There are 2 protein chains.
Amino acid sequence: MSEKEKCISCKKCNQKCPMDLKGADRRMANSKKMDYVLLGLLSHEPMTGYEMKKRLDTTLRFFWGGSYGSIYPTLNQLETEGKVTKEDTSSNGREKISYSITESGKETLKEWLKKPAEKDELRYETLLKLFFGNENGFEGAKEHIDCFEEKCRNELVVLNMFAENLMQYLENDTHKYYYLTVQFGIKTYEAYLDWCKEAKEQMKEWEKK
Amino acid sequence: MSEKEKCISCKKCNQKCPMDLKGADRRMANSKKMDYVLLGLLSHEPMTGYEMKKRLDTTLRFFWGGSYGSIYPTLNQLETEGKVTKEDTSSNGREKISYSITESGKETLKEWLKKPAEKDELRYETLLKLFFGNENGFEGAKEHIDCFEEKCRNELVVLNMFAENLMQYLENDTHKYYYLTVQFGIKTYEAYLDWCKEAKEQMKEWEKK
DNA sequence: AAATAATATATCAGTTTGATACATTTGTCA
DNA sequence: TGACAAATGTATCAAACTGATATATTATTT
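Residues numbered from 1 in each chain as written. Chains lettered and ligands numbered in written order. Predicted model: local features only at pLDDT ≥ 70, side-chain atom pairs only at ≥ 80, totals over all residues. Heavy atoms only, no water.

(A) Structural detail: the overall build of chain A. When helices and strands are tallied, chain A shows 7 helices and 3 strands. Reading the secondary structure of chain A in the N-to-C direction produces α-α-α-β-β-α-β-α-α-α. Per-residue burial for chain A yields a buried fraction of 54% across its 209 residues. In chain A, 53% of the contacts between residues at least 6 apart in sequence involve partners at least 24 apart. Split by element, the accessible area of chain A, about 9,900 Å² in all, is 48% carbon and sulfur. (Helix = DSSP H or I, 4+ residues; strand = E, 2+ residues; numbered from the N terminus. Buried < 20%, exposed > 50% of the residue type's maximum accessible area, 1.4 Å probe, protein only. Contact = heavy atoms within 4.5 Å. Areas by Shrake-Rupley, 256 points an atom, 1.4 Å probe, with all protein chains shown as cover.)

(B) Representation of the relation of the copies chain A and chain B. The two copies are related by a screw motion: chain A maps onto chain B through a turn of 180° and a shift of 0.0 Å along the axis, at an RMSD of 0.0 Å. Overall, the copies show the geometry of a two-fold rotation axis. Relative to the rotation axis, the closest C-alpha in chain A is found at Leu122 of chain A, a distance of 2.4 Å. By residue overlap, the copies meet face to face through one surface: 100% of the interface positions of chain A are interface positions in chain B. (Least-squares fit on C-alpha atoms with pLDDT ≥ 70 in both.)

(C) Spatial organisation of the packing of helix α7 (residues 173-208) of chain A against helix α7 (residues 173-208) of chain B. Two numbers describe how α7 of chain A lies on α7 of chain B: the axes approach to 8 Å, and their chain directions differ by 155°. Considered as vectors, α7 of chain A and α7 of chain B are oriented roughly antiparallel to each other. When you trace α7 of chain A past α7 of chain B, the crossing you get is right-handed. Here the residues of the contact of α7 of chain A with α7 of chain B sort into 18 nonpolar, 6 polar and 8 charged. (Axes fitted to C-alpha atoms, helices over the stretch in contact; angles between N-to-C directions. Parallel < 35°, antiparallel > 145°, perpendicular 65-115°, else oblique. Left-handed = near helix turned anticlockwise from the far one by under 90°. Nonpolar A, V, L, I, M, F, W, Y, C, P; charged D, E, K, R; others polar.)

(D) Examining the interface of chain A and chain B more closely. Taken residue by residue, the interface counts 107 residues in chain A and 107 residues in chain B. Across the chain A/chain B interface, buried area totals approximately 11,000 Å², and carbon plus sulfur atoms make up 63% of it. Where chain A meets chain B, there are 6 salt bridges. Linking chain A with chain B are 30 residue pairs in polar contact (both at pLDDT 80 or more), by the criterion used here. Those elements giving two or more residues to the side of chain A that touches chain B turn out to be α1 (34-44), α2 (49-58), α4 (103-114), β3 (120-124), α5 (125-131), α6 (137-167) and α7 of chain A. Per-element accounting of the side of chain A that touches chain B gives the leading share, 22 residues, to α7 of chain A. Looking at side-chain class alone, the side of chain A that touches chain B contains 52 nonpolar, 23 polar and 32 charged residues. Across 5 bridges, β3 of chain A lies against strand β3 (residues 120-124) of chain B in antiparallel orientation. Bridge assignment links Glu121 of chain A to a residue of β3 of chain B, and that residue is Arg123 of chain B. (Buried area = accessible area lost by both parts, 1.4 Å probe. Salt bridge = Lys/Arg side-chain N within 4 Å of Asp/Glu carboxyl O. Polar contact = N/O pair within 3.5 Å; in protein donor to acceptor, adjacent residues only side chain to side chain. Pairing = 2+ DSSP bridges.)

(E) Representation of the packing of aromatic side chains. Applying the stated criterion to the full structure yields 40 aromatic pairs over all chains. Look at Phe131 of chain A and Phe63 of chain B: their rings are 6.0 Å apart centre to centre, the planes differ by 50°, and that puts the pair in the tilted class. Taken as a pair, Phe131 of chain A in helix α5 and Phe63 of chain B in the loop between α2 (49-58) and α3 (68-80) lie in two separate chains rather than in one. As far as the burial class goes, Phe131 of chain A and Phe63 of chain B line up, both buried. (Phe/Tyr/Trp six-rings, centres within 6.5 Å; stacked < 30°, edge-to-face > 60°.)

(F) View of the side chain of Glu149 of chain A. Tracing the chain through its elements places Glu149 of chain A in helix α6. Once you skip the residues sitting within four places of it in the chain, Glu149 of chain A turns out to touch Leu193, Cys196 and Lys200 of chain A.

(G) View of the environment of Gly140 of chain A. With respect to the secondary-structure elements, Gly140 of chain A resides in helix α6. Considered as a pair, Gly140 of chain A and Lys176 of chain A are 36 residues apart in the sequence and their alpha carbons are 42 Å apart.

(H) Representation of the pattern of salt bridges. Scanning the model with the defined rule gives 40 salt bridges over all chains in all. Where Glu207 of chain B meets Lys142 of chain B, a salt bridge forms, and the shortest distance between an N and an O atom there is 3.2 Å. With Glu207 of chain B in helix α7 and Lys142 of chain B in helix α6 (residues 137-167), the pair connects residues that are 65 residues apart, well separated along the chain. Where Lys200 of chain B meets Glu149 of chain B, a salt bridge forms, and the shortest distance between an N and an O atom there is 2.6 Å. Residue Lys200 of chain B is located in helix α7, and its partner Glu149 of chain B is located in helix α6; the two are separated by 51 residues in the primary sequence. For the pair shown, Lys200 of chain B and Glu149 of chain B are each scored as buried. Each of Lys33 and Glu118 of chain A together with Glu125 and Lys129 of chain B takes part in a single network of salt bridges with overlapping partners.

(I) The arrangement of a nonpolar patch on the surface in detail. Residues and elements named next belong to chain A. The grouping of Tyr50, Tyr68 and Tyr72 at the surface amounts to a nonpolar patch, some 320 Å² of accessible area in total. Looking at the element boundaries, Tyr72 is found in helix α3 (residues 68-80). Given the relative accessible area of 35%, Tyr72 is considered partly exposed. (Patch = residues over 30% accessible without salt bridge, like charges linked within 9 Å, V, L, I, M, F, W, Y side chains within 5 Å.)

(J) Structural context of empty space enclosed by the protein. With the rule as written, the count across this model stands at 3 cavities of 30 Å³ or more. Size it by volume and the largest cavity reaches roughly 50 Å³. Residue lining of the largest cavity: Leu122 and Leu127 of chain A together with Phe62, Phe63, Tyr124, Thr181, Phe184, Gly185, Thr188, Tyr189 and Tyr192 of chain B, and that is the complete set. If one sorts the elements of the lining of the largest cavity by residue count, α7 of chain B sits on top with 6 residues. When grouped by side-chain class, the residues that make up the lining of the largest cavity number 8 nonpolar, 3 polar and no charged. (1 Å grid on protein atoms, 1.4 Å probe; cavity = no way out; pocket = protein on both sides within 12 Å on 5 of 7 lines; lining within 4 Å. Points joined across faces, edges and corners; volume = space filled by probe spheres on them.)

Structure below.
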């Protein structure tokens, strides 16, 4: 039995990976990323912590996330390190702190930008439920795919709006990079939709037999 | 100025999201997922913790991960809850514990499989570096894309091998679902490569002007 | 026979999440 | 105008997970 013929997914078929993955460098340093995310946002313009959260939920939502629980503590840490400065812009009773990036902060950001990306990852619960779907049958699998398909369609609507909207601001340099990431989102969601269709067709084939 | 004309990426252009995202249900319950991952793996066949880690690094690597730090504690917890059973299969001095799923564990897995997926997410450091790339210039952006492109090509080689290998085992039901996830991986990595090419072309256009 | 790789369990500090608490300001509509 | 809802804003916490590392044995290569 050659390496290629060995099954890679269970012991019964003599489980063996057909390729050496030891150098595949998944799971690298889990170094703190929030620093760079916040410095990056502040490199565009000064803003509050609340606003950074909003950016993460709208502009960056297709490829990165973040919660208050890491935003505010990180901002304080960055201030201690002299990489951002606070400015109290409270009006009346409402607390409001506007953050700006310092030269030192810009330096830190630039250094990070020069280094290659450590880790890109997907964490698709839909795929997880599909992979273990044997206990759930084709019907269950189809439901998960339908649900995923709908989400993708919704995301595509948003992304296409973003792209259209951005067209008017492409003379702004920072927006060029934003545009590229939006195109990435569009390309991937279109691929997902494509896969949804094919996967359901494949299951129909299997059901016939 | 209509909603559509407002810029969604900075304050200068009167930042406003062209779409209401409040109901977009990003960031839902961060409930423990490792339970289900391990139960899912054990629903295929009994194995050790070490082997589960290996599966995560090979078979599931394209859409899910996991570390020893959550595998072993979760296995102990699952045993306490009666959802898996331990069997000591040590030989001589080497400790070896084989885990099996119980009826109760299968029930838990099935219930989870029936519920819709809570959250699918991308965490692409490459896109992050690209988005903040203004500080780094087109040259820097291209380097990140080249690096990403190479990773994608490598992943595609592995995935195509997986697909080819799996063809021989498609009569095995659980492998059908595995096959679908591999197809997902292939589709998405192909889309990524497509985007890499277009993004670099786009940047060339911008450079001309 | 020695060195290296693979198997195997286990723990820990550091990072992030999702939820929630609390308070004020703005917008809506009756 | 006044009441109510939504948006703005800061902050913290338990629970989850990662990446690294420690430790030890067995299998494979040189």
